[in-house]
Amino acid sequence: TQLLEQSPQFLSIQEGENLTVYCNSSSVFSSLQWYRQEPGEGPVLLVTVVTGGEVKKLKRLTFQFGDARKDSSLHITAAQPGDTGLYLCAGRDGNKLVFGAGTILRVKS
Amino acid sequence: DAGITQSPRHKVTETGTPVTLRCHQTENHRYMYWYRQDPGHGLRLIHYSYGVKDTDKGEVSDGYSVSRSKTEDFLLTLESATSSQTSVYFCAIRTTGGNTGELFFGEGSRLTVL
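In this report, the structure presented in the accompanying data block is examined. (Residues numbered from 1 in each chain as written. Chains lettered and ligands numbered in written order. Predicted model: local features only at pLDDT ≥ 70, side-chain atom pairs only at ≥ 80, totals over all residues. Heavy atoms only, no water.)

## What about the overall build of chain B?
Moving on, step 1. Within chain B, the secondary structure is distributed over zero helices and eleven strands.
Moving on, step 2. What you see for chain B is a C-alpha radius of gyration of 13 Å, in line with the 13 Å of a compact globule of 114 residues.
Moving on, step 3. Considering only C-alpha atoms, chain B reaches an extent of 40 × 30 × 25 Å along its principal axes.
Moving on, step 4. Residues counted as buried form 48% of the 114 residues belonging to chain B.
Moving on, step 5. Of the contacts made within chain B by residues no fewer than 6 positions apart, 53% connect residues no fewer than 24 positions apart.
Moving on, step 6. Summed over its atoms, the accessible surface of chain B is roughly 5,300 Å², and 47% of this surface lies on carbon and sulfur atoms. (Helix = DSSP H or I, 4+ residues; strand = E, 2+ residues; numbered from the N terminus. Rg over C-alpha atoms; globule rule 2.2 N^0.38 Å. Buried < 20%, exposed > 50% of the residue type's maximum accessible area, 1.4 Å probe, protein only. Contact = heavy atoms within 4.5 Å. Areas by Shrake-Rupley, 256 points an atom, 1.4 Å probe, with all protein chains shown as cover.)

In structure tokens, the structure reads:
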């Protein structure tokens, strides 16, 4: 099983600050996804990146897939309290989706 | 949106008892998955199914079995529950194919084994 490491594990910031979450692996993935999960709910897909070097934007969120397709990052600009949650990256390994341990983000107003 | 429901949503049981969690989808998606979520571990795959009566193991399959007799239902069974199986269990369906294979998750089933 391929492994994904996320950093940091926990991030507490003030509203309006910028932040970056990292997802790293020693293995190559055919695609990588980012999910966001709120307490008491299941994860919800934010984005899928497929091509090495690909950059996707979702409002204030910018996702990047590494050139070698082994890593990814999520950058949030001007974080809002509504961005609070658990962010999970996941890589496709055949028919399976392998998840990182997640980054807990808390944005204080 | 894909319709997916899990039952029960909450269950408390005792060590050694059997437990079955049910995942039901209202669409005809071929792939269904069971994950468990524990603090510090993210989501770990238990078993998945790629069709009726077709299943395969994930990374944490010991102590669990699954069955899929109909496309819409995927059952997860703990034959003899242990305290280490206390967790939140999520079912997911794969809503897209090809290289992306995006997952849509249920709301989770919280299981406590005393």
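## Considering the nonpolar core
Moving on, step 1. Counting 21 residues, the largest nonpolar core has I13, L19, L32, W34, L74, I76 and L105 of chain A as the members making the most contacts within it.
Moving on, step 2. Counting only elements with at least two residues in this core, the list comes to strand 2 (10–14), strand 3 (19–24), strand 4 (32–37), strand 5 (44–49), strand 7 (61–65), strand 8 (71–76), strand 9 (85–93) and strand 11 (103–108) of chain A.
Moving on, step 3. In this view, L105 of chain A contacts L11, I13, L19, I76, D83, T84, G85 and Y87 of chain A; residues no more than four positions away in its chain are not counted.
Moving on, step 4. Within the second largest apolar cluster, 18 residues are counted, among which are I4, W34, A81 and Y89 of chain B. (Core = buried A, V, L, I, M, F, W, Y, C linked by side-chain atoms within 4.5 Å.)

## Details of the sheet that holds strand 7 of chain A
Residue and element names in this part refer to chain A.
Moving on, step 1. Taking strand neighbours across the sheet as the criterion, the five strands line up as 1-3-8-7-6 in an open arrangement whose pairing is antiparallel. Among the strands making up the open sheet, the edge pair consists of strand 1 (5–7) and strand 6 (55–58). Across the sheet, the mean angle separating the axes of adjacent strands is 15° when strand polarity is ignored.
Moving on, step 2. Taken together, the four bridges between strand 6 and strand 7 define a ladder with antiparallel strand orientation. Counted as the bridge partner of L58 is L61 from strand 7. (Pairing = 2+ DSSP bridges. Axes fitted to C-alpha atoms, helices over the stretch in contact; angles between N-to-C directions.)

## Looking at the interface of chain B and chain A
Moving on, step 1. Contacts between the two partners involve 23 residues from chain B and, on the opposite side, 22 residues from chain A.
Moving on, step 2. When the two sides are added together, the surface that chain B and chain A hide from each other amounts to roughly 1,700 Å², 50% of it contributed by carbon and sulfur.
Moving on, step 3. Where chain B meets chain A, there are zero salt bridges.
Moving on, step 4. The set of elements that each furnish at least two residues to the side of chain B that touches chain A consists of strand 4 (32–38), strand 5 (42–51), strand 9 (87–94) and strand 10 (103–105) of chain B.
Moving on, step 5. Looking at the side of chain B that touches chain A element by element, the count peaks at four residues for strand 5 of chain B.
Moving on, step 6. Looking at the side of chain B that touches chain A residue by residue, the classes come out as nine nonpolar, eight polar and six charged. (Buried area = accessible area lost by both parts, 1.4 Å probe. Salt bridge = Lys/Arg side-chain N within 4 Å of Asp/Glu carboxyl O. Nonpolar A, V, L, I, M, F, W, Y, C, P; charged D, E, K, R; others polar.)

## So, the side chain of Q6 of chain B
Residue and element names in this part refer to chain B.
Moving on, step 1. By secondary structure assignment, the location of Q6 is in strand 1 (residues 4–7).
Moving on, step 2. For Q6, the side chain forms a polar contact with the main-chain nitrogen of G108, separated by 3.1 Å.
Moving on, step 3. Among the polar contacts made by the side chain of Q6, one reaches the side chain of S109 at a distance of 3.2 Å.
Moving on, step 4. In contact with Q6, other than residues within four places in its own chain, are R22, W34, Y89, F90, C91, G106, E107, G108 and S109. (Polar contact = N/O pair within 3.5 Å; in protein donor to acceptor, adjacent residues only side chain to side chain.)

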